[in-house]
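Topology and contacts: notes
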Amino acid sequence: MTLSSRPVLETRALTKAYGGFTAVGPVDLRISEGTVHALVGPNGAGKTTLFHLLTGHVPAGTGRIVLDGRDITGHSPERIARLGVARSFQVTSLFEHATAAEHLELALMAGSPLGRAFWRSDRALARHRERALELLDQVGLARWADEPAGRLPYGRGRALELALAIALDPKLLLLDEPTAGMGTEDIERTVELIGRVRQGRTVVLVEHNMQVVASLAERVTVLQRGRILAEGSYDDVRSDERVVEAYLGAGHE
Ligand code: ATP
């Protein structure tokens, strides 16, 4: 990774305040194309708020967000998604009774540039089905294709979320705690999966599990009280005294 790598996403003096409390900022973040970039930090550091700012789900206070050189500050989440930014979302908040394959078909239909008239045709539906099954296979869910999403074991449900996020082939993938609540086996599978789906794209992930960060991220940004405390490779930041202190101070191991 060279410093001259093109930033795919940047924030410039980005802030977000709630009442008089500054949850994020000012933050100058630079995400280089093709990297896996982790956002870490003790509880309450502002990771989730920053994540939602990047996807447009939380409106920016002050500062700018720039995607591929284009100012996207104030854009709606839908508009940001159309520019090739996808985030994982909780399947549990979707349709419990729809099968894994149907979830993907819906996602593919919604993203079809030719719109309704096109996707309602049998041919288009068949094509979506085919692609849905390919995506399920990619995330190890081939045999769960016809299982209602609500009945998938936890780790498999999270894999479906990942498949949904990559369905429209985003150039930038944002993952919010992709291994949260998982046991060792699911964590390993997810790390391997992210290692695969990162090919050809840039990934930003908020992650508490430092082993996951160490195995996946080339670049790590440590946040504390809404600001960047340290940044670098995993090895750089883990040996940074300020980082160790921030975690100890927050009651982490
Ligand atoms: P965690 O690791 O615990 O998820 P985090 O680093 O993701 O923490 P955030 O959830 O971004 O941190 O929260 C940062 C700070 O902003 C916290 O002090 C939180 O209480 C505050 N905050 C976040 N969202 C809101 C909101 N909608 N209204 C008021 N305060 C908020």
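Going by the structure above, here's the rest.
Summarised in this report is the structure supplied together with it. Just so it is clear, the model here is predicted, and its values are computed rather than measured.

1. What to know about the site of the ligand
Surveying the vicinity of the ligand reveals the residues Tyr 18, Phe 21, Ala 23, Pro 42, Asn 43, Gly 44, Ala 45, Gly 46, Lys 47, Thr 48, Thr 49 and His 208. Note that an oxygen atom of the ligand is positioned 2.8 Å from one of the backbone N or O atoms of Gly 44. Between the ligand and Gly 46, the relevant distance is 2.9 Å, taken from an oxygen atom to a main-chain nitrogen or oxygen of the residue. Elements represented by at least two residues in the shell around the ligand include exactly strand 2 (21-27) and helix 1 (47-55). In terms of residues, the shell around the ligand owes the most to one element, helix 1, which gives three residues. Here the shell around the ligand is built from residues that sort into five nonpolar, six polar and one charged.

2. Regarding the environment of Leu 106
Counting through the fold element by element, Leu 106 comes out in helix 3 (residues 100-110). The exposure class assigned to Leu 106 is partly exposed, which follows from its relative accessible area of 40%. Sequence-wise, Leu 106 and Leu 125 are 19 residues apart; in three dimensions their C-alpha atoms are separated by 9.8 Å.

3. Here we look at the pairing of strand 10 (residues 219-224)
Relative to strand 10, strand 4 (residues 36-40) is paired through four bridges, and the arrangement is parallel. Residue pairing in the sheet places Val 40 in a bridge with Val 222 of strand 10. Two elements, strand 10 and strand 11 (residues 227-232), share five bridges in a ladder whose sense is antiparallel. Bridge pairing in strand 11 places Leu 223 opposite Ile 228. The hairpin formed by strand 10 and strand 11 contains two residues between the paired strands, and Arg 225 there has a positive phi angle of roughly 45 degrees.

Definitions and cut-offs
- Residues numbered from 1 in each chain as written.
- Predicted model: local features only at pLDDT ≥ 70, side-chain atom pairs only at ≥ 80, totals over all residues.
- Heavy atoms only, no water.
- Near = heavy atom within 4 Å.
- Polar contact = N/O pair within 3.5 Å; in protein donor to acceptor, adjacent residues only side chain to side chain.
- Helix = DSSP H or I, 4+ residues; strand = E, 2+ residues; numbered from the N terminus.
- Nonpolar A, V, L, I, M, F, W, Y, C, P; charged D, E, K, R; others polar.
- Buried < 20%, exposed > 50% of the residue type's maximum accessible area, 1.4 Å probe, protein only.
- Pairing = 2+ DSSP bridges.

Function cannot be inferred from these measures alone, as they are strictly geometric.
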